[in-house]
Amino acid sequence: MSDGFGSGRRAVVVIASTRAAAGVYEDKTGPVIAERLRAWGFVVAGPVVVPDGDELGRALREALAAEPELVLTSGGTGLTPTDVTPEQTAPLLDRLVPGVAEAIRAAGVAKGVPTAMLSRGLVGVAGRTFVANLPGSRGGVVDALDVLGPVLGHALDQVPGSDH
């Protein structure tokens, strides 16, 4: 069942997880993201699961080259040395949308997960594509999607130049 704001729009899901990409364990966040996006009416590519680091940057550039309306990532937003999703994303963004990233972190903290404030995920616009780095945990992804749901349609309308 779709509320329609994703209808006719394309989305790409990219998961940054070295261990999931190596087959050490199954990716748990990509399917959650893809399922929610499909429920919102999006045509979804992915999830593409890649290792943290330069390969994530390549996957993001490839996703953006296809000019979807939306790219969502999961993983690589923490503090470990291999968590470089924000560093791989930042050079690709034309404009930041910091309020959305702050709201995602705040939602996790409000649900009793103080470590949510440690997420360094970025949200912004690359060309005509809205890009958001979601946390790498299943719970963090669900919380982030709950934050995005009420504003995503409006954001996607604005990115190509629609009026308020």
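Every chain's residues receive numbers from 1 upward, in the order its sequence appears when written. Since the coordinates come from a predicted model, pLDDT governs what is reported: local features require at least 70, and pairs of side-chain atoms require 80 or more to be given and counted, while whole-chain, interface and lining totals use all residues. The side-chain numbers reported here are obtained from all heavy atoms of the structure, hydrogens and water having been left aside.

1. Regarding the overall build of the chain
Okay, step 1: Scanning the chain for helices and strands turns up 6 helices and 6 strands.
Okay, step 2: The numbering of helices and of strands both runs from the N terminus, where a helix is a DSSP run of H or I of at least 4 residues and a strand a run of E of at least 2. Listed by position from the N terminus, the elements making up the chain come as β-α-α-β-α-β-α-β-α-β-β-α.
Okay, step 3: Only C-alpha atoms enter the radius of gyration; for comparison, a globular chain is expected to reach 2.2 Å times N to the power 0.38, where N is the number of residues. The C-alpha radius of gyration computed for the chain amounts to 14 Å, which stays within 12% of the reference 15 Å derived for 164 residues, consistent with globular compactness.
Okay, step 4: Relative accessibility thresholds used throughout: buried, under 20% of the residue-type maximum; exposed, over 50%; partly exposed, between the two (1.4 Å probe, protein chains only). The 164 residues of the chain split such that 46% are buried.
Okay, step 5: The criterion used for residue contact is that any of the two residues' heavy atoms lie within 4.5 Å. Contacts in the chain between residues at least 24 apart in sequence constitute 76% of all its contacts with a sequence separation of at least 6.
Okay, step 6: Of the roughly 8000 Å² of accessible surface on the chain, 56% is carried by carbon and sulfur atoms. What sets the accessible areas is the Shrake-Rupley method with a 1.4 Å probe; for residues, cover comes only from the shown protein chains.

2. Topic: a nonpolar patch on the surface
Okay, step 1: A surface patch of nonpolar side chains, amounting to about 380 Å² of accessible area, comprises Leu79, Val109, Met117 and Leu118.
Okay, step 2: Within the element layout of this structure, Leu79 appears in the loop between β3 (70–74) and α4 (85–89). What makes a patch is a set of residues exposed beyond 30% relative accessible area and free of salt bridges, joined within 9 Å when like-charged and within 5 Å when nonpolar (Val, Leu, Ile, Met, Phe, Trp, Tyr). When a carboxyl oxygen of Asp or Glu lies within 4 Å of a side-chain nitrogen of Lys or Arg, that pair is called a salt bridge.

3. Observations concerning the sheet that holds strand β4 (residues 95–96)
Okay, step 1: Across the sheet, 6 strands lie side by side as β2-β1-β3-β6-β5-β4; this open sheet has mixed pairing. A single partner strand is all that each edge strand has here, and the edge strands are β2 (43–50) and β4.
Okay, step 2: Between any two strands, pairing holds if DSSP finds at least two bridges. Here β4 runs beside strand β5 (residues 123–126); their pairing, made up of 2 bridges, is antiparallel. From the neighbouring strand, Leu96 faces β5, where its bridge partner is Gly124.

4. With respect to the packing of aromatic side chains
Okay, step 1: Between the rings of Phe, Tyr and Trp (Trp by its six-membered ring), a pair exists once the centres lie within 6.5 Å; its type follows the angle of the planes, with under 30 degrees stacked, over 60 edge-to-face, and the other angles tilted. Under the defined criterion, the tally for this structure stands at 2 aromatic pairs.
Okay, step 2: Aromatic pair Phe5 and Trp40: ring centres 5.2 Å apart, planes at 45°, arrangement tilted. Taken together, the residues Phe5 in the segment before β1 (10–16) and Trp40 in the loop between α2 (30–39) and β2 connect sequence positions 35 residues apart. Trp40 carries the same exposure label as Phe5, and that label is buried.
Okay, step 3: Each ring, one from Phe5 and one from Phe42, has its centre 6.1 Å from the other, and the planes form 80°; the classification is edge-to-face.

5. Notes on the environment of Ala155
Okay, step 1: Here Ala155 lies in helix α6 (residues 138–158).
Okay, step 2: Note: C-alpha distance between Ala155 and Ala66 (89 residues apart in sequence) is 19 Å.

6. Section: the pattern of salt bridges
Pairing is possible between side chains that carry opposite charge, provided their charged atoms lie close to one another.
Okay, step 1: The tally for this structure, following the rule as stated, stands at 4 salt bridges.
Okay, step 2: When the shortest N-O distance is used, the salt bridge between Arg9 and Asp157 registers 2.4 Å. Placement of the pair is Arg9 in the segment before β1 and Asp157 in helix α6, with a sequence separation of 148 residues.
Okay, step 3: For the salt bridge of Asp143 with Lys111, the shortest nitrogen-to-oxygen distance reads 2.9 Å.

7. What about the side chain of Gln88?
Okay, step 1: Positionally, Gln88 belongs in helix α4.
Okay, step 2: Among the residues examined, Gln88 registers a relative accessible area of 16% and is labelled buried.
Okay, step 3: Any pair of N or O atoms that falls within 3.5 Å is considered a polar contact. Within protein, one atom must be able to donate a hydrogen and the other to accept it, and sequence-neighbouring residues count only if both atoms are side-chain atoms. Among the polar contacts listed, one links the side chain of Gln88 to the side chain of Asp54, at a separation of 3.4 Å.
Okay, step 4: If near-sequence neighbours (up to four positions away) are discounted, Gln88 is found in contact with Gly53, Asp54, Leu56, Gly57 and Leu60.

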